[in-house]
Every structure is written in structure tokens, then in C-alpha cells.
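Structural overview for review
Here's the letter readout for the chains.
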Amino acid sequence: MSTDNTKSSRKAQIDALLLKLPGVSARKINALDAYFVSDRMFACISGDGIGLRLPVATATELQFSRDNIAPFQPGGMASSREWVQINRAEVAEYEKDLELFRASLEFAKAGGSR
């Protein structure tokens, strides 16, 4: 069970990773801590994972090829096929997903059309 301190520490570590990417800003949208580029959301923290927006083909392929990637369902609600969630027990492990975060950022910056 996560405590508020654990959640703030987790968010601070994710902020440190994502806010160093060019043009990225963070803000709350509904109950989610979200990350934006060119005023478009490309990632957000949900539960114990991070949701990412990627081209549908990439998102689908990742769900079948990696056991730590699942459909993104914030609060149990279904989302679009462009969104997946990466689940990692240790926040520091998200460093390994930096290329996916960059791909998501570029996809959002391009207007989500590829």
C-alpha cells in the first residue's frame, strides 16, 4: 500500500526523468499527474505505472512483446488504443524506457498522427 510520501517521492523521481526532456511541462489533469509537450499530453502517472501515448501499431506491439506493458486504464476506465501503461516496481527502472518516452513526446508533438 502506497503512502502519500511514497507517492510524492515517486512523482518527484518521474518529474526528474521526464522534465529534463526538451519542452516538457507537468500539470494535474483531473486526478492524474500529467506531462505535456506543445500543450499535448504524452504521459501521465496512474497508480503504480506511467501511461504513454504512442502510435497504435507501436502500442499494440509493446503490449504483446513486454510483460510490464498493459493497456492504459486510468481509474479502471478504458482508454484509446494509442495509450499503454508501463509498470515498474522501482521508479529508477523507468530510465530504461527513455526511448519510449521520447517516442511518445515526438508522437504527441506531431499531433498524434503517424
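As the structure is a computational prediction, the values presented were derived from the model and not from experiment.

What follows is about the pattern of salt bridges. All told, the structure shown has 11 salt bridges when counted by the stated rule. A salt bridge links Asp 33 to Lys 28, with the shortest nitrogen-to-oxygen separation between them at 3.2 Å. Taking the relative accessible area as the measure of exposure, Asp 33 reaches 16% and is therefore buried. Here the salt bridges do not stand alone but share partners, grouping Arg 66, Arg 88, Glu 93, Lys 96 and Asp 97 into one network.

This brings us to the sheet that holds strand β4 (residues 49-53). Within a sheet, each strand pairs with its neighbour through backbone hydrogen bonds, oriented either parallel or antiparallel. Taken together, the six strands give an open sheet; going across it, the order is β1-β2-β3-β4-β6-β5, and neighbouring strands pair in antiparallel fashion. The outermost strands of the open sheet, each flanked by one partner alone, are β1 (24-29) and β5 (69-71). Between one strand and the next, the sheet's axes are offset by a mean angle of 30 degrees, whatever the strand orientation. The strands that helix α2 (residues 56-65) touches are β5 and β6 (83-87); relative to β5, the one it contacts most, it runs at about 120 degrees. The sheet contacts of helix α3 (residues 98-109) involve β1, β2 (32-37), β3 (40-46), β4, β5 and β6, and relative to β3 the element is tilted by about 140 degrees.

So, about the environment of Pro 22. Its location among the elements puts Pro 22 in the loop between α1 (4-18) and β1. On the basis of relative accessibility, which here comes to 63%, the residue Pro 22 falls in the exposed class. Here the alpha-carbon distance between Pro 22 and Val 37, two residues 15 residues apart in the chain, equals 8.4 Å. The contacts of Pro 22, once residues within four sequence positions are left out, are Val 37 and Leu 105.

Another aspect to go through is the packing of aromatic side chains. Taken as a whole and assessed by the stated rule, the structure comprises two aromatic pairs. Stacked on the ring of Phe 36, the Lys or Arg Arg 27 has its end atom at 3.7 Å from the ring centre.

Thresholds, definitions, all that
- Residues numbered from 1 in each chain as written.
- Predicted model: local features only at pLDDT ≥ 70, side-chain atom pairs only at ≥ 80, totals over all residues.
- Heavy atoms only, no water.
- Salt bridge = Lys/Arg side-chain N within 4 Å of Asp/Glu carboxyl O.
- Buried < 20%, exposed > 50% of the residue type's maximum accessible area, 1.4 Å probe, protein only.
- Pairing = 2+ DSSP bridges.
- Helix = DSSP H or I, 4+ residues; strand = E, 2+ residues; numbered from the N terminus.
- Axes fitted to C-alpha atoms, helices over the stretch in contact; angles between N-to-C directions.
- Contact = heavy atoms within 4.5 Å.
- Phe/Tyr/Trp six-rings, centres within 6.5 Å; stacked < 30°, edge-to-face > 60°.
- Lys NZ or Arg CZ within 6 Å of the ring centre and 35° of its normal.

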